[in-house]
Structures are given as structure tokens and as C-alpha cells.
Amino acid sequence: MLGHIANAARTCTKYVFECFQISRTKSNMAACGSVQPEKLDASNIDAVLDKYDTFLLDCDGVLWRTDHFTPIPGIAAAIHALRQLGKRLLFVTNNSLHAREMYMDKFKQLPGFEAEIDDIFSVAYASALYLKHIAAVNKMVYVIGSTGMAHELDNLGILNTGIGPDPDPVSHNPDILRKIPLHPDVQAVLVGFDEYINYTKLYKAVSYLTNVECFYVATNDLEMGVLIGPGKKQPVTGALVASVSAASKRQPTVIGKPHKYIFDCILTRNPNITKERTVIIGDSLKADIGFAKTLGIDSILVLTGVSKLEHIHRNQNSSNSLSRTLVPNYYIPSVADFSQLLCTT
């Protein structure tokens, strides 16, 4: 009899302890503001669509795979279905290599895809908008970046220099460096991805930034390098920005996600957008969901790109308070699922 009582007592104690642990976990998640994301399905799609007028869609990993080439089946039909509902769709990408015309060409390769050039906010275009309409630059911009960035600056009438291979010698010799001519009217330095980056370009950028009146702007800074194969890692824009920042001891205004400035640039062209009626759709918890958190607007994670469900769960249970905030309001396997869900409602 005593043995049965002892076993019952141990079972009861274990149950109470487990309930306490569950309660404490839920309390901790509530205290840190952890979101419990909903899967978009037939039960909630109508309510979700009623909440939003404007959809900000990432491109790589959302409209096509993260290799920038492989199409995702059904995307054009989903875009059409959302437009039929009167939704405003804007395409927002951190890729600084390309001008908007390249994205239009890419959209045309997706049969039935509907978009206008004014719907596209690449970070190259947004950087040009920022320099023109927010920083009000009216002199020369020194660019470490791509031909796409130069094209967007040219389109807005912003004088720029620095694109392509630098014609001046590469040297660590101060006597040679001092003889390299610098443009007298540089009002801003803009840094993005540049396959021709070298010591001379860094020297010029840092030299221009010794002028405290010179604006320092970067397209994006989130990624430093990406693995492209076993034992192969490619430096990307963040690494270039970090090198200029370290040498100049200046911090840039960063235009791209998750920073707010690309949204400010969107508002210069779409002033009637309201945050309460806007949702961001992206594949990256750090870039896209982080962007939504920066702005205080809702978000939908698609699982066709960088981040997966396990990454959401990892963030929810992270000891890092910032990581715990990087959780979407909703998730959906693919943007293509919108058209399928709309057919069932």
C-alpha cells in the first residue's frame, strides 16, 4: 500500500513540475513578445487578404529560387490572382547588381507575369531615390558598385563616377597615392556590390569620406559572404561596406532591408501607402522579417528560399532577444499557393 502511495505521489509531483515548466515557457515567450505564426490556408486566407491593400514582395527566393534563375511554378498565376483582387504589389529586392529594366526583362520571361517598372524597388533604384529626394545631392557621387547602380543614378540625373575597373595605379606607396587625382565635387559615396573592387577604389572612397559633409550611403550590409561550393566563399556587399567603414571610421546610411530607408523611398513614389494595410512577403528572416519588424508591419514568410520552419522555431527558442523578434505573422509554402487558396474560397 505504501509503495502505491509513493508511486502516485511521484507521478503527481512529476505532472505538476511539467505543468509548471510548460507554463513558464509560455510566460517567457509572451514576455519576450514571441509571435506564433499562422500557416496560411483555406481557413484564414479570406481574413488575411481583407487586412492588406499593399503587398511588398521580395524577389530572390520568392518569385524565383535563390540561384536567381530557377523559376517557381505557379508564381505568375498567383500574382494575377492578387491583382484581380485589387491588391497593390511592389517588388523590393536587396540585390544591388541590377537596374529595374533587368527585372522587367526577367518578369517577361515568366509567362503571364504582370508588372510595371514603377512597381520595382531594387536597392540600386532606391539608393538613387534616396540621394536625389532625401539627401538632395546635386553634385558628384563616387560609386563602388555595379553598372545597374550607375544606370539608376543616370536616370535621375545624378552625376556619378567610379563604375568599372579603376584606371589609376594600385599601390601602397603614399607618394603614388597622393598623386592619384580625386574629383573636387564629390558630395556622396555610394557602396554596393562591385566585382572590380581594389585598393585604389577603397583609397578614393575613404579619402572622399574625410570630408564630414560627404554623405556615406550603402545599398545593403546584411551579408558578408556566401558559400558557393565546398571550401568556396564569395565576399558580398557587406564585406565591401565593412572595409570602407573601418578605414573611414564612418557608418553609412544603409538603404536596403532590414533598414527602413528603402521603405522611405517607396513612399516617395507611393505616398498613400499605410503601414496598417501593408504586408511584407519574403524568404529571409533576417532581411525580410527583420524589415517588417523595423517598420512595425506584418509579414509572411515563404519557404521557397533561405529560411525554413526550423529557423522560425530556432528563433522562437533563442536566448538572443533580437532573434526572438524575427518571427513572421504568417507562413506559406510558396507565393504560388495564393492562387490555389483563392480558388478554394
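The rules we used
Residues numbered from 1 in each chain as written. Predicted model: local features only at pLDDT ≥ 70, side-chain atom pairs only at ≥ 80, totals over all residues. Heavy atoms only, no water. Pairing = 2+ DSSP bridges. Helix = DSSP H or I, 4+ residues; strand = E, 2+ residues; numbered from the N terminus. Salt bridge = Lys/Arg side-chain N within 4 Å of Asp/Glu carboxyl O. Buried < 20%, exposed > 50% of the residue type's maximum accessible area, 1.4 Å probe, protein only. Contact = heavy atoms within 4.5 Å. Axes fitted to C-alpha atoms, helices over the stretch in contact; angles between N-to-C directions. 1 Å grid on protein atoms, 1.4 Å probe; cavity = no way out; pocket = protein on both sides within 12 Å on 5 of 7 lines; lining within 4 Å. Points joined across faces, edges and corners; volume = space filled by probe spheres on them. Nonpolar A, V, L, I, M, F, W, Y, C, P; charged D, E, K, R; others polar. Expected span 1.5 Å × (residues − 1). Core = buried A, V, L, I, M, F, W, Y, C linked by side-chain atoms within 4.5 Å. Right-handed = clockwise from strand over helix to strand, strands pointing away. Parallel < 35°, antiparallel > 145°, perpendicular 65-115°, else oblique. Left-handed = near helix turned anticlockwise from the far one by under 90°.

Visitor: Where do I start with the sheet that holds strand E13 (residues 298-302) in this structure?
Guide: Sheets are built from strands that pair by backbone hydrogen bonding, the pairs being arranged parallel or antiparallel. Spatial strand order, E1-E14-E13-E12-E2-E3-E4: 7 strands in an open sheet with parallel pairing. Edge positions in the open sheet fall to strand E1 (38-39) and strand E4 (120-122), since each of these has one partner strand only. Summarising the sheet, strand E12 (residues 278-282) and E13 pair through 4 bridges and their orientation is parallel. Within E13, the position partnered with Gly282 by the bridge is Leu301.

Visitor: Before we go on, may I ask you to explain the pattern of salt bridges in this structure?
Guide: Pairing is possible between side chains that carry opposite charge, provided their charged atoms lie close to one another. As enumerated under the stated definition, the model contains 13 salt bridges in all. Across the pair Asp166 and Lys204 runs a salt bridge whose closest N-O atoms are separated by 2.9 Å. Separated by 38 residues along the polypeptide, Asp166 in the loop between strand E6 (160-161) and helix H7 (174-179) and Lys204 in helix H8 (residues 199-208) bring together distant segments of the chain. In this structure Asp166 comes out as buried when scored by relative accessible area, which is 15%. Note that Asp175 and Arg178 form a salt bridge whose closest N and O atoms lie 2.5 Å from each other. Residue Asp175 and its partner Arg178 are located together in helix H7, separated by 3 residues, close to a single helical turn. The class for Arg178 is exposed, based on a relative accessible area of 59%.

Visitor: Even after reading the chapter, I still don't get the sheet that holds strand E5 (residues 140-144), so can you show me in this structure?
Guide: Spatially, 5 strands are ordered E6-E5-E7-E8-E11 in an open sheet, and the strand pairing comes out parallel. Edge positions in the sheet fall to E6 and strand E11 (253-254), since each of these pairs with one other strand and no more. With 4 bridges joining them, strand E7 (residues 186-191) and strand E8 (residues 215-218) adopt parallel strand pairing. Bridging across to E8, Val191 finds its partner in Ala218. Together, E5 and E7 form the strand contacts of H8, whose direction differs from that of E5 by roughly 140°.

Visitor: Please clarify how the layout of surface pockets should be interpreted in this entry.
Guide: One way to see where empty space is left: roll a probe the size of a water molecule over the atoms. Space inside the largest pocket adds up to approximately 1,100 Å³. Elements supplying a minimum of two residues to the lining of the largest pocket: helix H4 (100-108), strand E9 (225-229), helix H11 (285-295) and helix H12 (309-316). It is H11 that provides the largest number of residues to the lining of the largest pocket, a total of 4 residues. Residues of the lining of the largest pocket, tallied by class, amount to 14 nonpolar, 14 polar and 8 charged.

Visitor: Please explain helix H9 (residues 237-248) as it appears in this structure.
Guide: An α-helical turn contains 3.6 residues, so a residue and the one three or four places further along point in the same direction. Taking 1.5 Å of rise per residue, 12 residues should cover 16 Å, and H9 covers 17 Å from first to last C-alpha, within 8% of that figure. Each element contacted by the buried residues of H9 is listed here: E5, E7, H8 and E8. Backbone geometry just downstream of H9 places Lys249 in the positive-phi region, at approximately 55°.

Visitor: Would you mind going over the nonpolar core with me for this structure?
Guide: Leu63, Phe91, Phe113 and Phe338 are the most contacted members of the largest nonpolar core, which has 38 residues in total. It is helix H3 (residues 75-84) that provides the largest number of residues to this core, a total of 6 residues. Grouped together as the second largest cluster of nonpolar side chains are 34 residues, Leu56, Ala126, Val137 and Ala188 included.

Visitor: Explain the pairing of strand E2 (residues 54-57) to me, please; I cannot follow it from the model alone.
Guide: Moving residue by residue along a regular strand, the side chains alternate between the two faces of the sheet. Alternating residues of E2 divide into Thr54 and Leu56 and Phe55 and Leu57, and every residue in both groups is buried. Where E2 and strand E3 (residues 88-93) come together, 4 bridges link them in parallel fashion. Counted as the bridge partner of Phe55 is Leu89 from E3. Handedness of the crossover is the feature at issue here: the chain leaves E2, passes through H3, returns alongside E3, and the resulting connection is right-handed.

Visitor: How should I be thinking about the packing of helix H5 (residues 123-134) against helix H6 (residues 147-155) in this particular structure?
Guide: Angle between the axes and distance between the axes: these two values describe a pair of packed helices. Put simply, H5 and H6 touch, their axes get as near as 8 Å, and they point 40° apart. It follows that H5 is oblique to H6 by the angle criterion. With respect to the hand of their crossing, H5 and H6 are arranged in right-handed fashion. For the pair H5 and H6, the contacting residues are Ala124, Tyr125, Ala128 and Leu131 in the first and Gly148, Met149, Glu152 and Leu153 in the second. Within the contact of H5 with H6, the residues separate by chemical class into 6 nonpolar, 1 polar and 1 charged.

Visitor: Whenever I open this one, the packing of H5 against helix H10 (residues 261-269) confuses me. Can you help?
Guide: One can describe the packing of H5 onto H10 by two numbers: an axis separation of 9 Å at closest approach and a directional angle of 70°. Regarding the angle of H5 to H10, the classification is roughly perpendicular. When H5 is examined against H10, the residues Val123, Tyr125, Ala126, Leu129, Tyr130, His133 and Ile134 are found in contact with a partner set consisting of Tyr261, Ile262, Asp264, Cys265, Thr268 and Arg269. Residues that form the contact of H5 with H10 fall into these classes: 9 nonpolar, 2 polar and 2 charged.

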